[in-house]
Amino acid sequence: MPHLVGAPELLRFATATTRAHGVPARDAELLAHSLVTAELWGHPSHGMLRLPWYLDRLANGAMTPVTEPAVVSDNGAVLVLDGRDGIGQVITDRAVELGVERARRHGISTVGVRNSGHFGTAAYFTRKAAERGCVAILGTNGSPAMAPWGGREKRVGANPWSIAAPGGRHGVVVTDIANTGVARGKIYHAKERGEPIPEGWAADADGAPTTDPRRAVEGLILPMGGHKGYAIAFMFDVLAGVLTGSGFGTDVVGPYVPDARSGCGHLLICLDVRAMADPDEFARRVETLVERTKATPTAPGVSEVFVPGEPETRTAERLRVAGVRLVDETWASLTRIAADTGVALPAAEEVAA
């Protein structure tokens, strides 16, 4: 049966089990917090189902437990970091620290990252920069997920990207998009639930449309917007992989592979709002844009118009009180991790399926 777990319990468990794999306390908590935050946002595809992936990679040496990114080049507003196969969340958090600091000094900054690992949700990091007064753009590349337009073999990653900006009294406005029609993690989550995926999400290994998540994992995820999604994904590989000196295309390995280095890259751009506009005036203008957008008359059957990032904020407010619902297979994975590490399972309540 599914289990209902409080976010603090999930954070405790994920932190402790990550520390049991040799990860320093601060880094373990950051990795755990990124997973729990994804759950709270209503994106279990990037939540606790990924904990065993990361721990397996640590156990097999594909990911280094002590993350020590090195500066490859530093031109003031432009830096390149080598993640040296460390934890993607820790490397990217360091990139955000440097990116915001350099944007405050120069008005704008770019941080390229090579030899990193998967960092979870891109919005987790762009939100941090936006909360510190920057407009942030973050792109990454991933293992092949889709075929080039007109092809039938996967060669291009979903290569997601996020843009976030301070939103005045609305907090942060933010989007986080994979260039496939759906993030691959959502297909893995459907597989864990034992449920079919909607038509139009994926094709099997022969290129035939499928609603079977198992066949989709082995096959192709379809691009968003047809050829446009493929083209955007290709260009983000140019930015995050080729330009940064990291792996690209078929060289990149996904986080679900337990025994091979990732090789993925990231590109972060931070723009200090103060370099272009008065921050208070900027906040007022974004607030006006939000309010005008939300005042749009709704279509039949729609109760409210949302702006980017608002559904996640609302969901997090609800789940912090109600708890996070984990499907059977995710709970079974946590049970195995608890047995392997000696860390007590999170306190949980069984709930109806």
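Described in the following lines is the structure provided in the data block. (Residues numbered from 1 in each chain as written. Predicted model: local features only at pLDDT ≥ 70, side-chain atom pairs only at ≥ 80, totals over all residues. Heavy atoms only, no water.)

**Focus on the layout of surface pockets**
The condition is simple: Cavity and pocket criteria rest on a 1 Å grid covering protein atoms alone: a 1.4 Å probe that fits but cannot get out defines a cavity, protein on both sides within 12 Å along at least 5 of 7 lines defines an open pocket, and an atom within 4 Å of a point defines a lining residue. Grid points are joined across faces, edges and corners, and a volume is the space filled by probe spheres set on the points. Here a strand is any run of E in DSSP of at least two residues, a helix any run of H or I of at least four, and the numbering for each starts at the N terminus. Gly counts as polar in this scheme, as do all residues outside two lists: the nonpolar Ala, Val, Leu, Ile, Met, Phe, Trp, Tyr, Cys and Pro, and the charged Asp, Glu, Lys and Arg.
Computed from the structure, the largest pocket encloses a volume of approximately 830 Å³. For the largest pocket, the lining is made up of 49 residues, of which His46, Pro160, Asp176, Ala178 and Ala183 are closest to its centre. Those elements that provide at least two residues to the lining of the largest pocket are helix H3 (51-60), helix H5 (123-131), strand S9 (172-177), helix H6 (184-193) and helix H10 (310-322). Of the residues that constitute the lining of the largest pocket, the class distribution is 23 nonpolar, 19 polar and seven charged. Around the second largest pocket, the lining is made up of 22 residues, and of these Pro44, His189, Arg193, Arg325 and Val327 lie nearest the centre. A total of five residues in the lining of the second largest pocket trace back to one element, the largest contributor, which is H6. Considering only residue class, the lining of the second largest pocket consists of 10 nonpolar, five polar and seven charged.

**Structural notes on the pairing of S9**
Here is the rule we go by: Pairing between strands is defined by DSSP: at least two bridges between them are needed.
Two strands pair when backbone bridges link them, and strand S8 (residues 161-166) and S9 are joined in this way by six bridges, in the antiparallel orientation. Note on S9: the bridge partner recorded for tryptophan 161 is isoleucine 177. Turn length for the S8-S9 hairpin, with the two strands adjacent in sequence and antiparallel, is five residues, and the turn residue glycine 168 shows positive phi of about 65 degrees.

**What about the pattern of salt bridges?**
Applicable threshold: Salt bridge, as applied in this entry: a Lys or Arg side-chain nitrogen positioned within 4 Å of an Asp or Glu carboxyl oxygen. Relative accessible area decides the class of each residue, using a 1.4 Å probe on protein chains only: under 20% of the type maximum gives buried, over 50% gives exposed, and in between gives partly exposed.
This model, assessed by the stated rule, comprises 21 salt bridges. In this structure, arginine 155 and glutamate 153 form a salt bridge, with 2.7 Å as the shortest nitrogen-oxygen distance. The exposure class assigned to arginine 155 is partly exposed, which follows from its relative accessible area of 45%. Note that arginine 314 is salt-bridged to glutamate 310, the shortest N-O span being 3.1 Å. Taken together, the residues arginine 314 and glutamate 310, both in helix H10 and four residues apart, mark about one turn of the helix. Taking the relative accessible area as the measure of exposure, arginine 314 reaches 37% and is therefore partly exposed. Salt bridges sharing common partners tie together Arg26, Asp27, Asp93, Arg94, Glu97 and Lys128.

**Some points on the nonpolar core**
Applied cut-off: In this text, buried Ala, Val, Leu, Ile, Met, Phe, Trp, Tyr and Cys residues form a nonpolar core when linked through side-chain atoms within 4.5 Å. By definition in these notes, contact holds between two residues if any of their heavy atoms fall within 4.5 Å.
Counting residues in hydrophobic clusters, the biggest one holds 57 residues, and the most contacted among them are Leu10, Phe13, Met48, Leu51, Leu268, Leu326 and Leu334. Contacts of leucine 51, omitting those with residues within four sequence positions, involve Phe13, Ala14, Thr17, Thr18, Leu35, Leu334 and Ile337. The next biggest cluster of nonpolar side chains, apart from the first, holds eight residues, and it includes Ala145, Ala190, Ala202 and Ala216.

**Considerations on the packing of aromatic side chains**
The line we're drawing: For Phe, Tyr and Trp, where Trp contributes only its six-membered ring, two rings pair if their centres lie within 6.5 Å, and the inter-plane angle classes them as stacked under 30 degrees, edge-to-face over 60, or tilted in between.
Applying the stated rule across the entire model yields seven aromatic pairs. Measuring from ring centre to ring centre gives 5.7 Å for tryptophan 53 and tyrosine 256, while their planes differ by 80 degrees; the resulting arrangement is edge-to-face. On the criterion of sequence distance, the pair formed by tryptophan 53 in helix H3 and tyrosine 256 in the loop between helix H8 (227-242) and strand S13 (264-272) is long-range, its members being 203 residues apart. Given a relative accessible area of 14%, tryptophan 53 falls into the buried group. Measuring from centroid to centroid gives 5.1 Å for tyrosine 124 and phenylalanine 125, while their planes differ by 80 degrees, and the two rings are edge-to-face. Taking the relative accessible area as the measure of exposure, phenylalanine 125 reaches 0% and is therefore buried. One aromatic cluster is present, built from ring pairs that chain together Trp53, Tyr188 and Tyr256.

**A closer look at the side chain of serine 109**
Formally: For the purposes of these results, a polar contact is taken to be a pair of N or O atoms within 3.5 Å, where, inside protein, one atom must be able to donate a hydrogen and its partner to accept one; residues adjacent in sequence count only when each atom of the pair is a side-chain atom.
Considering the arrangement of structural elements, one finds serine 109 in strand S4 (residues 108-116). For serine 109, a relative accessible area of 1% corresponds to the buried category. A distance of 2.7 Å separates the side chain of serine 109 from the backbone oxygen of glycine 99, its partner in a polar contact. Excluding residues that lie within four positions of it along the chain, serine 109 makes contacts with Ala77, Gly99, Arg102, Ala103, Leu268, Ile269 and Cys270.

**Overview of the sheet that holds strand S5 (residues 134-140)**
Put simply, the rule is: Every axis in this analysis is a line fitted to C-alpha atoms, fitted for helices over the stretch in contact. Angles between the N-to-C directions lie between 0 and 180 degrees.
Across the sheet, which stays open at both edges, the seven strands sit in the order S2-S3-S4-S13-S5-S8-S9 with mixed pairing between neighbours. Edge positions in the sheet fall to strand S2 (70-74) and S9, since each of these pairs with one other strand and no more. Each strand axis lies, on average, 15 degrees off the axis of its neighbour in the sheet, ignoring direction. Of the strand pairs in this sheet, strand S3 (residues 78-82) and S4 are connected by five bridges, and their pairing is parallel.

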